[in-house]
Amino acid sequence: MNKLKIMVLDDEPIVCKRLKPALEKQGYEVDTFTQSSDAMEQIKNVEYDVIITDLKMKGIDGMQLLTEAKQRSPKTEVIVITGFATMETAKESFHKGVFDFIAKPFKLSEIQEVVSRAEAKIRGE
Amino acid sequence: MRILFAGDEHPYSEYALKETVKLAMNTWADVTLLGISQATNPVEDTQVGKALRGYRDTFLNSWSREDSPYIQGEGKYEWVPVKTGVVEEMKVLMGRKKDFKVRLRSGSPAREILTESQEDGSDLIVLGCAKGAKCEWANSLPAPQQVVDDADCSVLLVKEQQPVTRIVACLDQGYISQESLEMINQMITIYNARLDLIGLSQNGDMEKSVYTRLIEIGDYYNDRQVEINTRLMDISDFEQLIAQEIKQDLLALWLGKKSLLSRFFSRGWVGRFVSKCPTSVLVMR
């Protein structure tokens, strides 16, 4: 079975630093980005199974990345993580086809569990 | 995010529930509503049980059906442990997008709240308390203070229904957790509040690590276009600040091993300050 390919985008390096080893431990291949422009370039070249993205970032925000990612690859599952959550952003995320919306702070196990659910969906379990 | 609301049948718990609804509306957190019964069999405690059912209705009815992440989906059979080594197949109603549970536990309120928060992996405990200097639950139970003192996660202690226009965060140590910063971010967003960051010093001296952290936090919020006002204060003036300046504010305190407040004040200072504060308090870990 192919390893799931995951992108993590958060402008706070500590979030990427926490998530990468935790997800790799679960057997996933993980690329991390702290600049949304770099992540946007990357999704033009690489098709990810799962994208975990922050919302509020300088330049391109997470909502723009979500829109672009879903347009390019509708089967990519996007998980939004945000430190500045509002009902509007939660609703908008789901309207745009987000797999889950998680407000910070969260436990690593919470993200791991959501990614496992996304994997089950992707693999059609 | 996982939120644990702990309440009883008294009005202060209704205020705390309203804050829980507000938090859940923004964060779409997984939520547990917990009641504590003094009875050995919690189901026999009709007062707390009735209150919890009311809270459940209030919570779920706060959303329109199409906007709610908590609307119950179809029932699904799952194996549920009933005692050690025994599971039973039960039909469980799953939340559509986020978990929502209502629970009753029996025993000492503080102990049961803390146990539930550990078992559930809560990120935030929300509970109310009677207004006034004692910060208690009814029947003179010091549960709120004990929870604030001993919880592993952050605690929002709701004093009364009131607008929050400012968050006053007091920094007294160099180390603060990423989770605590994120909790402040959510509070700023939910209340649309500005942030006052107070760096606490002792006799005019401030540890270099605290000063550095103060600047880093200021930069962090400036980068995120959050209005922040930073100032310094001597720790001996801190009680006066709580008594005189805190009005429509949420007081946010960091609790950590290297806390200057912990060194300056005797044991139990958190409970004392939380009691003195006329408004709601967020204790962060």
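Computed from a predicted structure; not experimentally measured.

Conventions we followed
- Residues numbered from 1 in each chain as written.
- Chains lettered and ligands numbered in written order.
- Predicted model: local features only at pLDDT ≥ 70, side-chain atom pairs only at ≥ 80, totals over all residues.
- Heavy atoms only, no water.
- Pairing = 2+ DSSP bridges.
- Helix = DSSP H or I, 4+ residues; strand = E, 2+ residues; numbered from the N terminus.
- Axes fitted to C-alpha atoms, helices over the stretch in contact; angles between N-to-C directions.
- Contact = heavy atoms within 4.5 Å.
- Buried area = accessible area lost by both parts, 1.4 Å probe.
- Salt bridge = Lys/Arg side-chain N within 4 Å of Asp/Glu carboxyl O.
- Polar contact = N/O pair within 3.5 Å; in protein donor to acceptor, adjacent residues only side chain to side chain.
- Nonpolar A, V, L, I, M, F, W, Y, C, P; charged D, E, K, R; others polar.
- Parallel < 35°, antiparallel > 145°, perpendicular 65-115°, else oblique.
- Left-handed = near helix turned anticlockwise from the far one by under 90°.
- Expected span 1.5 Å × (residues − 1).
- Buried < 20%, exposed > 50% of the residue type's maximum accessible area, 1.4 Å probe, protein only.
- Right-handed = clockwise from strand over helix to strand, strands pointing away.

**Quick notes on the sheet that holds strand β2 (residues 29-33) of chain A**
Residue and element names in this part refer to chain A.
- Spatial strand order, β2-β1-β3-β4-β5: five strands in an open sheet with parallel pairing. Only two strands of the sheet have a single partner each, and these edge strands are β2 and β5 (100-103). Looking at each pair of strands side by side, their axes are set apart by 15° on average, direction ignored.
- For strand β1 (residues 5-9) and strand β3 (residues 50-54), the ladder comprises four bridges, and the chain directions are parallel. Residue pairing for β3: I6 is matched across the bridge by V50.
- Sitting on the sheet, helix α4 (residues 87-95) touches β4 (77-82) and β5, and the angle it makes with β5 is about 155°.

**As for the interface of chain A and chain B**
- In this assembly, 25 residues from chain A lie in contact with 24 residues from chain B.
- Roughly 2300 Å² is buried in total at the junction of chain A and chain B, and carbon and sulfur atoms are behind 52% of that figure.
- Per-residue buried area on chain A facing chain B is highest for F84(A), M87(A) and P105(A); these three make up 28% of the total on that side.
- Along the contact surface separating chain A from chain B lie seven salt bridges.
- As a salt-bridge pair, D100(A) and K98(B) come within 2.8 Å of each other at their nearest N and O atoms.
- Inspection of the region where chain A meets chain B yields 16 residue pairs in polar contact (both at pLDDT 80 or more).
- Of all the secondary structure elements, the ones that give two or more residues to the side of chain A that touches chain B are α1 (13-25), α4 and β5 of chain A.
- Of the residues that constitute the side of chain A that touches chain B, the class distribution is 12 nonpolar, three polar and 10 charged.

**Observations regarding the packing of helix α5 (residues 178-191) of chain B against helix α6 (residues 208-223) of chain B**
All names here are of chain B.
- Where α5 contacts α6, the axes come no closer than 13 Å and their chain directions differ by 45°. Our classification of the angle between α5 and α6 gives oblique. In the crossing of α5 with α6, the sense of the turn from one axis to the other is right-handed. On α6, the residues that touch L181, I184, N185 and I188 of α5 are I217, Y220 and Y221.
- Grouping the constituent residues of the contact of α5 with α6 by class yields six nonpolar, one polar and no charged.

**A look at helix α5 (residues 108-122) of chain A**
- When the terminal C-alpha atoms of α5(A) are compared, their 21 Å separation across 15 residues agrees well with the 21 Å that a helix rising 1.5 Å per residue should span.
- All buried positions along α5(A) are accounted for by E110(A), I111(A), V114(A), V115(A), A118(A) and E119(A).
- Turning to α5(A), the residues buried within the fold contact β1, α1, β3, β4 and β5 of chain A together with β2 (30-37) of chain B.
- Trailing α5(A) by a residue or two, G124(A) shows a phi angle of about 70°, which is positive.

**Focus: the pairing of β3(A)**
Residues and elements named next belong to chain A.
- Counting buried residues along β3, five of its five residues qualify, which places the element largely inside the surrounding structure.
- What you see with β3 is no split at all: V50, I52 and D54 on one side and I51 and T53 on the other are buried throughout.
- Note that β3 and β4 share five bridges and pair parallel. The residue of β4 that forms the bridge with T53 is V80.
- For the handedness criterion, the β-α-β arrangement of β3, helix α3 (residues 62-72) and β4 is classed as right-handed.

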